[in-house]
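Residue-level structure breakdown
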Amino acid sequence: MMQFDLGHIWATMGLLSKLVAFALVLMALASVAVVVERLIALARQASETRRFATEARPVMEEWDTAQLVTIADRYRRSALARLVAAAVRRFQRAIDAGEGGVPPVELARREVSRRREAISADLRRGLSVLATVGSVAPFVGLLGTVVGIITAFQSIASTGSGGLGAVSAGIAEALIVTALGLGVAIPAVLCFNYLTTRIASVELALERSAGELIDEMENEHGRSSGEQSLRSAAAA
């Protein structure tokens, strides 16, 4: 009598079925690696962003751009810190160089847009692996099902009997690989949706913070321009 345990089923599997199962195991390991890496990266990002926001808030109120950039450079894992550092550097460089044509605030806004795209791509690194596994794994499992059914029919042909004993090995092989494919795909899709939602919330917070930063730049640039106009008028 056949023993329906995983070890026995693995031992009776054909080479193609073993290759299919091995491919599914590799997909599962890749999914786990991506999920763990992204969770750690997002946790570090959130922690450093909170510390950066706490430290940078009073400096922002005083509009000490040099100190603000120095603080931001200490929090490399924070998406907000990288965004602020890039925007403030571009804004201050435009003012110091006296670039004409495009206002410094507009240059900073363009830098913010470019940097947000780069940060978004970095936050979503590895999610394509989860999307691929979630969409491909069921079909790989289906391939294992087909292989198992073929094995079952080969058993029928070799024994000349259609009884349960002749087809049980192939059917068990098909069901195990099918279940493995679903067991890999379902967690991958769930983790992909969870990480996508979490990253979208980070991107929304970045967009809001970037808008506040541009507002501060416009206010500061307006005050600086007004003070310069007053000095010019007084000198005249």
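Everything numeric in this text was worked out from a predicted model, so none of it was measured.

Rules of the game
Residues numbered from 1 in each chain as written. Predicted model: local features only at pLDDT ≥ 70, side-chain atom pairs only at ≥ 80, totals over all residues. Heavy atoms only, no water. Helix = DSSP H or I, 4+ residues; strand = E, 2+ residues; numbered from the N terminus. Buried < 20%, exposed > 50% of the residue type's maximum accessible area, 1.4 Å probe, protein only. Polar contact = N/O pair within 3.5 Å; in protein donor to acceptor, adjacent residues only side chain to side chain. Patch = residues over 30% accessible without salt bridge, like charges linked within 9 Å, V, L, I, M, F, W, Y side chains within 5 Å. Areas by Shrake-Rupley, 256 points an atom, 1.4 Å probe, with all protein chains shown as cover. Salt bridge = Lys/Arg side-chain N within 4 Å of Asp/Glu carboxyl O. Core = buried A, V, L, I, M, F, W, Y, C linked by side-chain atoms within 4.5 Å. Contact = heavy atoms within 4.5 Å.

Some thoughts on the side chain of Arg-38
With respect to the helices and strands, Arg-38 occurs in helix H2 (residues 15-62). Note on Arg-38: relative accessible area 2%, which makes it buried. Within the structure, the side chain of Arg-38 is placed 2.7 Å from the side chain of Glu-37, a separation counted as a polar contact.

Details of a nonpolar patch on the surface
A contiguous nonpolar patch, built from Phe-22, Val-25, Leu-26 and Leu-29 and spanning about 380 Å² of accessible area, is present on the exposed surface. Tracing the backbone shows Phe-22 in helix H2. Residue classification places Phe-22 among the partly exposed residues on the basis of a relative accessible area of 49%.

Some points on the nonpolar core
Across soluble globular proteins, you tend to see nonpolar side chains buried next to one another. Residues Phe-52, Leu-68, Val-84, Val-88, Leu-206, Leu-213 and Met-217 are the most contacted members of the largest nonpolar core, which totals 37 residues. Broken down by secondary-structure element, the contributors of at least two residues to this core are H2, helix H3 (65-73), helix H4 (79-97), helix H5 (104-123), helix H6 (127-159) and helix H7 (164-235). Residue contributions to this core peak at nine residues, all from H4. Apart from the residues within four sequence positions on either side, Val-88 is in contact with Thr-65, Leu-68, Val-69, Leu-213 and Met-217. Judged by nonpolar contacts, the second largest core, of 10 residues, contains Met-27, Ala-137, Val-177 and Val-184.

Shape is all these values report; function is a separate question.
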